[in-house]
Amino acid sequence: MSSLLQQAFREDGYAVDVAALGSDAVWRASETEFDAVILDVGLPDITGFEVCRQLRGRGRWMPILMLTARDAVPDLVQGLDCGADDYVIKPFELDELRARLRALIRRVPVPRPVTLTVGDLVLDPATRTVQRGKEIISLSVREFSILEVLMHHAGQVLSRTQILERVWDGSRDSDSNIVDVYIRLLRDKIDRPFGLDTIRTVRGVGYLLTR
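Caption draft 1: Quick peek at helix α1 (residues 2-11). Listing the buried residues of α1 in full gives Leu5, Ala8 and Phe9. The arc that holds the buried residues of α1, viewed along the axis, is 90 degrees, so those residues lie on one side. Opposite its buried face, α1 presents the exposed residues Ser3 and Glu11, each directed more than 90 degrees away. In the segment just after α1, Gly13 is the residue with positive phi, at about 100 degrees.

Structural data, given as structure tokens:
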């Protein structure tokens, strides 16, 4: 499959490197400025989840698209939580994979203030750090992006569609439950450990970050 994908993306004009082992992928993606990474979950040595986690831990923020045959919710959550930006379940259509990759690569960061502060929650886009009070909170790339959108619009109700358009570049259908998955992950990290309820659900509308 990697050979077929390499050929297909080279025909599209991309320069493509292939790593057969997860450890090799970590090394290559740590030393080279790739525009994107396509990462299979099932690797011979370490899992794609661990590769993704290690890259994010090293401060490598290129888009990561995961390929997985595991469609169970726990596996999906694990992939998203380790820092993946998108996923495609095998078997897949090559045209869909191409479209997903193009959407990830063309995404341009939107200018934001140096830091965003809502109560004692502080997000720094430059260093990609989040803390509540004095405690640093570790977030995946997608969790960080959603929190950034919520904080930028603190006190304003955002629909799932609005969040999808800002974070996923409109690449997913508006009825996807992916936003709900991430909101649950965010609450588990920025609210529940502190006994707070700052991310509110407005039934039938969307989500609100209270000031």
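After that view, the rundown keeps rolling.
Caption draft 2: Region of the structure containing the packing of aromatic side chains. A full pass over the atoms with the stated rule returns one aromatic pair. Between the aromatic rings of Phe9 and Tyr14, the centroid separation amounts to 5.7 Å while the plane-to-plane angle is 70 degrees, which identifies the pairing as edge-to-face. Relative accessible area serves as the criterion here: at 28%, Tyr14 is assigned to the partly exposed category.

Caption draft 3: Seen up close, the pattern of salt bridges. Tallied over the entire structure, the rule returns 15 salt bridges. In this structure, Asp85 engages Arg56 in a salt bridge whose closest nitrogen and oxygen atoms are separated by 2.7 Å. A residue pair is termed long-range when its members are at least 10 positions apart, and Asp85 in the loop between α4 (73-81) and β3 (86-89) and Arg56 in helix α3 (residues 48-57) qualify at 29 residues. Each member of the pair Asp85 and Arg56 is classed as buried.

Calculation rules
- Residues numbered from 1 in each chain as written.
- Predicted model: local features only at pLDDT ≥ 70, side-chain atom pairs only at ≥ 80, totals over all residues.
- Heavy atoms only, no water.
- Buried < 20%, exposed > 50% of the residue type's maximum accessible area, 1.4 Å probe, protein only.
- Helix = DSSP H or I, 4+ residues; strand = E, 2+ residues; numbered from the N terminus.
- Arc of directions from axis to C-beta.
- Phe/Tyr/Trp six-rings, centres within 6.5 Å; stacked < 30°, edge-to-face > 60°.
- Salt bridge = Lys/Arg side-chain N within 4 Å of Asp/Glu carboxyl O.

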